[in-house]
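So the chains spell out like this:
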Amino acid sequence: MKEKISDKLGRLTTKENRKLACYVFVILLVSKLFYIFIGCVTNSAFGNNITFAKMFLGGDADWYIKIAENGYSLVESIKAGDGQANWAFFPLFPVLIRWFKYIFFFLNYQQAGILLSSIFTYVTGLYLVKTVRLYKPGRLGYIAVVLLYMGPYTFYLHCVYSETLFMMLIAIFFYYLKKESDKECSYWIPAIAAMLASCTRIVGVILVFPLVVRMYRDSYSGRISIKKFGLFVRDILCTPVRLLQIFICPAGIFVNMLHLYWVSGDAWAFRHVQAAWREDGAGYIGNMIWDFFNNIYAERYWIPLVVIMAIVVYIYMLKKGYYEEVVFAAITLVIPLTGGVMSMCRFIVGSYVIFIGIYDYLADKKDIKLCATALVVVMEAFLIWLWFTAGVNAFTA
């Protein structure tokens, strides 16, 4: 037992891993300073009053902090006039903030949320580098982390938002799905990561589909054949371990639904309350098209650009064999359409896999890699400015 632990620690502390940890930390630190710098420029040049705390605690962050501090209060938490309530937010993220606060008792809830979110973001960067290195052996992969931390709409990763935890779980899911697909019990880590993700954001439920696709491909040497689907289903039903791994993926959302049913009588309360966050007409595609041609300062201007780019990236990934990632990303694209398109960019970036696809395309193109990276950083600077000038509110909610 001691030898196994010593061996694992030895692999974790290799020179390569120490270098990886150091470089990702530096990139994260630079991205945080970049985010704060844009906030300071916004205050200085445009007379805004965005405080340091509000940079990290605006928007939904206030809901998560209050849930972590006071728990769910299903009746008293309803906002008069708009019907917003805290059961719209999934529980795992605020629960972890609360536990983190208990461990580090000298922190307040706001500080605990900021620090824990930064840790999640840091781990996401580590796994992103490790994942792209699996697909691109010999490449360093650090440009992928720059895209993750400083690309368009990634300012969520600098705030106390559930995206920080969710993207970390997705990163772990896809890394181990790729890395250990040839081992007997390789699916346990992805399955557990998917379960936790489904208790963090509703999109986490979708991770069951890429897991099944990976199981199918591993059963038939990476090939996909509709003719063998019936045989695959029979094999799964005859393999209790695989069946359990599939069933635990969406377990997180069912725990949340059970809790909501017990306290409110409505297991779908988290879904029904979402209407309180929609502005009349804000998510209409017609209004989005109007803003695209008339108002660069509205988020609806950016939605078509991000969606078109995402579709192009996903088609490229499909050609390159990223089948599991594309399945997850494609379904994630559809979900915002069920309630309006205003959250489309947030869902695309929050799905994480788009960064793998962009890096795959740029990795071998030295002539455009740095230019493309610089361009997306400039785009993010502009979006951060819009985020701050909107008062850190519903600009991209």
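**Overview of the overall build of the chain**
Each helix and strand in the chain was counted, giving 20 helices and zero strands. With 397 residues in all, the chain has 52% of them scored as buried. If you take every contact in the chain between residues at least 6 apart in sequence, the share linking residues at least 24 apart comes to 70%. Within the structure as shown, the chain displays about 19400 Å² of accessible surface, and the carbon and sulfur contribution to it stands at 67%.

**Structural notes on the packing of helix H10 (residues 208-219) against helix H12 (residues 240-248)**
Contact geometry for H10 and H12: axes closest at 9 Å, N-to-C directions at 155 degrees. Viewed along their axes, H10 and H12 adopt a mutual orientation that is roughly antiparallel. Between H10 and H12 the crossing geometry is right-handed. Seen from H10, the contacting residues are Val208, Leu211, Val212 and Met215; seen from H12, they are Arg242, Gln245 and Ile246.

**Some details on helix H6 (residues 109-135)**
Across its 27 residues, H6 extends 39 Å between first and last C-alpha, which sits within 8% of the 39 Å expected from 1.5 Å per residue. By the criterion of burial, H6 is predominantly enclosed, with 19 of the 27 residues buried. The opening residue of H6, the one whose side-chain oxygen lies 3.1 Å from the backbone nitrogen of glutamine 110, is asparagine 108.

**A closer look at empty space enclosed by the protein**
The method is simple in principle: a probe with the dimensions of a water molecule rolls over the atoms, and the space it marks as empty is what remains. Inspection of every chain in the model, using the stated rule, returns two cavities of 30 Å³ or more. In this structure, the largest cavity encloses a volume near 50 Å³. The wall of the largest cavity is formed by Glu163, Phe166, Arg201, Val203, Phe328, Thr332, Arg346, Phe347, Gly350 and Ser351. With three residues, helix H18 (residues 344-350) is the largest single contributor of residues to the lining of the largest cavity. Class assignment for the residues of the lining of the largest cavity results in four nonpolar, three polar and three charged. Of the voids in this model, the second largest cavity is the one considered here, and its volume is about 40 Å³. Elements represented by at least two residues in the lining of the second largest cavity include exactly helix H8 (163-179) and H18. Residue contributions to the lining of the second largest cavity peak at three residues, all from H18. Class assignment of the residues belonging to the lining of the second largest cavity gives a composition of five nonpolar, two polar and two charged.

**Side note on the packing of aromatic side chains**
Within the structure shown, the criterion is met by 24 aromatic pairs. The interplanar angle of 85 degrees and the centroid separation of 6.2 Å between the aromatic rings of phenylalanine 25 and tyrosine 122 together place this pair among those described as edge-to-face. Highlighted residues: phenylalanine 25 in helix H2 (residues 15-46) and tyrosine 122 in helix H6, separated in sequence by 97 residues. An aromatic cluster of three or more residues is present, and its members are Trp63, Tyr64, Phe89, Phe93 and Phe120. Stacked on the ring of phenylalanine 347, the Lys or Arg arginine 201 has its end atom at 5.6 Å from the ring centre. Directly above the ring of tyrosine 361 sits lysine 365, whose terminal nitrogen or CZ lies 4.1 Å from the centroid.

Definitions and limits used
- Position labels on residues start from 1 in each chain and follow its written sequence.
- Reporting in this predicted model follows two pLDDT cut-offs: at least 70 for local features of residues, and 80 or more for side-chain atom pairs to be given and counted; totals over whole chains, interfaces and linings ignore these cut-offs and use all residues.
- The basis for every side-chain value is the complete set of heavy atoms in the structure, and neither hydrogens nor water enter the calculation.
- Only DSSP runs of H or I covering at least 4 residues are called helices, and only runs of E covering at least 2 are called strands; the numbering of each starts at the N terminus.
- The cut-offs for exposure are 20% and 50% of the maximum accessible area for each residue type, with area from a 1.4 Å probe on protein chains only; residues under the lower value are buried, those over the upper are exposed, and the others partly exposed.
- The contact criterion used throughout is that any non-hydrogen atoms of two residues lie within 4.5 Å.
- Areas reported as accessible are Shrake-Rupley estimates using a 1.4 Å probe. Residue values count occlusion only from the protein chains shown.
- Angles run from 0 to 180 degrees between N-to-C directions of axes, and those axes are lines fitted to C-alpha atoms, restricted for helices to the stretch in contact.
- With respect to orientation, any angle under 35 degrees is reported as roughly parallel, any angle over 145 as roughly antiparallel, any angle of 65 to 115 as roughly perpendicular, and every other angle as oblique.
- If you view the pair so one helix is near and one far, a crossing is left-handed when the near helix is turned anticlockwise from the far one by less than a right angle, and right-handed when it is turned clockwise.
- Expected span, for any helix, means 1.5 Å times one less than how many residues it has.
- Polar contact is defined as a pair of N or O atoms within 3.5 Å, subject to the rule that within protein one atom must be able to donate a hydrogen and the other to accept it, and that residues adjacent in sequence are counted only when both atoms are side-chain atoms.
- A cavity, in this analysis, means grid points on a 1 Å lattice covering only the protein atoms where a 1.4 Å probe fits yet has no way out; a pocket is instead an open set bounded by protein on both sides within 12 Å along at least five of seven lines, and a residue lines either one if it has an atom within 4 Å of a point.
- Grid points are joined across faces, edges and corners, and a volume is the space filled by probe spheres set on the points.
- Side-chain classes are defined by residue name, with Ala, Val, Leu, Ile, Met, Phe, Trp, Tyr, Cys and Pro counting as nonpolar, Asp, Glu, Lys and Arg as charged, and the others, Gly among them, as polar.
- Note on aromatic pairs: the rings of Phe, Tyr and Trp (six-membered ring only in Trp) are paired at centre separations within 6.5 Å, and the planes decide the class, stacked below 30 degrees, edge-to-face beyond 60, tilted for the rest.
- Any Lys NZ or Arg CZ found within 6 Å of a ring centre and within 35 degrees of that ring's normal is scored as a charge over the ring.

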